[in-house]
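Coordinate inspection notes
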2 protein chains.
Amino acid sequence: MRDAYHEELDSIGDGLVEMARLVGSAIGRATTAILDADLKLAEAVIAGDAKVDDLQRDLEARAIALLARQQPVATDLRIVVTSLRMSADLERSGDLAQHVAKLARLRFPETAVPRDLHSTVLEMGQLAQRLMAKAGEVLITKDVDLALQLEQDDDAMDLLHRALFQHLMDDRWQHGIETAVDVTLLGRYYERFADHAVSVAKRVVYLVTGEHADELGHSAAQGDAAEAQ
Amino acid sequence: MRDAYHEELDSIGDGLVEMARLVGSAIGRATTAILDADLKLAEAVIAGDAKVDDLQRDLEARAIALLARQQPVATDLRIVVTSLRMSADLERSGDLAQHVAKLARLRFPETAVPRDLHSTVLEMGQLAQRLMAKAGEVLITKDVDLALQLEQDDDAMDLLHRALFQHLMDDRWQHGIETAVDVTLLGRYYERFADHAVSVAKRVVYLVTGEHADELGHSAAQGDAAEAQ
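Residues numbered from 1 in each chain as written. Chains lettered and ligands numbered in written order. Predicted model: local features only at pLDDT ≥ 70, side-chain atom pairs only at ≥ 80, totals over all residues.

**Focus: the overall build of chain A**
Helices and strands together make up the secondary structure of chain A, namely 8 helices and 0 strands. The linear arrangement of helices and strands in chain A, starting from the amino end, is α-α-α-α-α-α-α-α. Scaling as 2.2 N^0.38, a compact globule of 229 residues should have a C-alpha radius of gyration of about 17 Å, and chain A matches this with 19 Å. Overall size of chain A, expressed as C-alpha extent along the three principal axes, is 65 × 35 × 20 Å. By residue count, 51% of the 229 residues in chain A fall in the buried class. (Helix = DSSP H or I, 4+ residues; strand = E, 2+ residues; numbered from the N terminus. Rg over C-alpha atoms; globule rule 2.2 N^0.38 Å. Buried ≥ 20, exposed ≤ 12 C-beta atoms within 10 Å, placed from the backbone.)

Right, here's the structure in full:
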């Protein structure tokens, strides 16, 4: 009985790792799609999000079934409840990658990102992908040190976001309002994606140590774009 | 034993209703703060979000304690798990109201919203507040018809969001890039706030009927700003 139980728990963990892998890949591909104005790639990312949604639904159903059947307490209960939260973080990350891809599709055959911002957006996309890769690794290894590293990476994301805004506000900005709007939203998508990756890692810290890294990741969400301007 | 159990369940429900009330009030006051460039009000909204966060933490702790102690199954289990999700929606709504207030603070003594967009932003703020008031009412009454009404209200929000973007994209826009960025983010905050209110209502529908209004509110989240442009 206990063995079946831990197998189920493991399979929920595997589901989370798979979700992290998928959304990490999605944000990387969405970034390529928007920088290269690659419609096919954008469409693939948009369609691919259904898989992430399916995984989440599946994972939730299994978590609830496990709660009902096995009625875990203490640490085990905490793991299941926290898994539900992490799956919501990862599902939302998938939505954000999809938003980037939708913006690529909306502007095709143009690119939403002017050339002088390519490198900043590329860095944000790569950093977002690395953050999610680390979050996936933290899910597997439960490595608290690695989890705490994600906060530093998130600081780097905030700097990039700030640089993006500074560029927008520069008097020499000559790409018009539509592009300014696109770039503003894009910056927000990457920032929120990073927040969710950090949140997943923090929830692992909470599971391992019983202590909130700070406030369950909410403070990260509060480093809002308005402040980054 | 069962009575104590249902009392605990009720108190979780009360916590959700109180959260909805607080964040509904917060988005209303944040809207006033940003339209009137009222720094004191903005500060009050920003500080007030801590209360929402506390309520969420408290609610989560009680939900987890209830799961551990009472080990509910079937409908009762579904209620507790869904309450956890709704509390996350409401906490996030509070963050978004806080973002609006922070933008008001950032631009003080100026207002972030140009005069010709006041009425649109006011409408978005009022609609957001009404949506959350309805979500709170749905939490109390479990009224499925009222819950489904929220989707129509959300369509109205999408229209307002679209109008905001059209105004931004108009050749006659003369408020510069910074204001365009502010208005873009503001539109996104209201839209997301509305999504979370709709999500709460949909989760109630799921609890009452056992059927997802659609996909647990994700489709609402996918009506993303990029598409609204």
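Further notes follow.
**Structural notes on unusual backbone geometry**
All names here are of chain A. Of note, the bond from Phe108 into Pro109 is cis; its omega dihedral lies within 30 degrees of zero at 5°. Position of Pro109 relative to the elements: it lies in the loop between helix H3 (74-107) and helix H4 (118-141). One non-glycine residue with positive phi stands out, namely Ala37, at about 50°. Position of Ala37 relative to the elements: it lies in the loop between helix H1 (2-36) and helix H2 (39-70). The phi dihedral of Ala74 is positive, around 50°, even though this residue is not glycine. Locating Ala74 in the fold gives a position in helix H3.

**Considering the environment of Glu151 of chain B**
Residues and elements named next belong to chain B. As for its placement among the helices and strands, Glu151 is situated in helix H5 (residues 144-169). Judged by C-beta crowding, with 16 C-beta atoms within 10 Å, Glu151 ranks as partly exposed. Here the alpha-carbon distance between Glu151 and Ile46, two residues 105 residues apart in the chain, equals 28 Å.

**Examining the packing of helix H5 (residues 144-169) of chain A against helix H6 (residues 176-209) of chain A**
All names here are of chain A. Contact pair H5 / H6: the axes reach a minimum separation of 9 Å and the direction vectors enclose 165°. Taken together, the axes of H5 and H6 lie roughly antiparallel to each other. Crossing geometry of H5 relative to H6 is assigned as left-handed. For the contact of H5 with H6, the class distribution of residues is 17 nonpolar, 4 polar and 4 charged. (Axes fitted to C-alpha atoms, helices over the stretch in contact; angles between N-to-C directions. Parallel < 35°, antiparallel > 145°, perpendicular 65-115°, else oblique. Left-handed = near helix turned anticlockwise from the far one by under 90°. Nonpolar A, V, L, I, M, F, W, Y, C, P; charged D, E, K, R; others polar.)

**Topic: the confidence of the model for chain A**
Residue and element names in this part refer to chain A. Here chain A shows a mean pLDDT of 91. Residues at 70 or above account for 92%. Residue range residues 215-229 is modelled with pLDDT below 50. Its contacts to residues more than four positions away, or to other chains, number 38 contacts. Per the prediction output, this complex has pTM 0.91; the corresponding ipTM is 0.88. (pLDDT = per-residue confidence, 0-100. Contact = placed C-beta atoms within 7 Å.)

**Some remarks on the nonpolar core**
Membership of the largest hydrophobic core comes to 130 residues, with the highest contact counts inside it found for Val100 of chain A together with Val100 of chain B. Leave out the neighbours within four places in its chain, and Val100 of chain A touches Ile27, Ala30, Thr31, Ile34, Leu186 and Tyr189 of chain A. (Core = buried A, V, L, I, M, F, W, Y, C linked by C-beta atoms within 7 Å.)

**A closer look at the UniProt feature "domain: PhoU" (unreviewed entry) in chain A**
All names here are of chain A. Annotation from UniProt places "domain: PhoU" (unreviewed entry) at residues 16-103 and 121-204. A distance of 27 Å separates the end C-alpha atoms of residues 16-103, which is 94% helix and 0% strand. Across residues 121-204, the secondary structure splits into 90% helix and 0% strand, with the terminal C-alpha atoms separated by 29 Å. (UniProt positions renumbered as here; feature names shortened; annotations may be inferred.)

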